[in-house]
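# A structural walkthrough
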Amino acid sequence: MTITYEWRGGFDNAAVNALHAEAFGHAQMPIDWQTQVHRHSLGWVCAREDGRFVGFVNVAWDGGVHAFVLDTMVAQDMRKTGVGTELVTIAVQGARAADCEWLHVDFDEYLRPFYFDACGFRPTDAGLIALRYSG
């Protein structure tokens, strides 16, 4: 098994849409990831196992010192192998190389061990307003 990672790597929308649906448990949607990341992101990381698209993370950016990890996704059969951790590690390196001072992430409670223990994020105070969901 050879896994390769690429900062701002090439991808097609269909591959990311399929992986997103698998990772987040929903039907595939026709999201134009190419336009989205080129318009709003500092970068992204693609992971491939022997050419198969197995991981992706988006690093959104405010154009200044803040970057944001979004949509970390790993193929089901590749979870618990270190792919997600390496995706985030490369995202950290990319944000640091762009002179960002802060890399933010928010996540569901069950992902605390991944982001805090495996990836090195630390808890902070933050606020959130749900704009579509109140529950």
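See the structure above.
This write-up is about the structure you can find in this document.

Cut-offs used in this document
- Residues numbered from 1 in each chain as written.
- Predicted model: local features only at pLDDT ≥ 70, side-chain atom pairs only at ≥ 80, totals over all residues.
- Heavy atoms only, no water.
- Helix = DSSP H or I, 4+ residues; strand = E, 2+ residues; numbered from the N terminus.
- Buried < 20%, exposed > 50% of the residue type's maximum accessible area, 1.4 Å probe, protein only.
- Contact = heavy atoms within 4.5 Å.
- Core = buried A, V, L, I, M, F, W, Y, C linked by side-chain atoms within 4.5 Å.

## Remarks on the overall build of the chain
Each helix and strand counted, the chain has four helices and five strands in total. Order of helices (α) and strands (β) in the chain, N terminus to C terminus: β-α-α-β-β-β-α-β-α. For the C-alpha atoms alone, the extent of the chain along its principal axes is close to 40 × 35 × 30 Å. When burial is assessed residue by residue, the chain has 35% of its 135 residues classed as buried. Put simply, of all contacts in the chain between residues at least 6 apart along the chain, 58% involve residues at least 24 apart.

## Overview of the nonpolar core
Grouped together as the largest cluster of nonpolar side chains are 34 residues, with contacts concentrated most on F11, F56 and F121. Sorting the residues of this core by element identifies α1 (13-24), α2 (33-40), β2 (41-49), β3 (52-61), β4 (66-74), α3 (83-97) and α4 (112-118) as the ones contributing at least two each. Looking at this core, the element that brings in the most residues is α3, giving six residues. Not counting the four nearest positions on each side in its chain, F121 is found in contact with V69, V88, L103, H104, V105, Y115 and F116.

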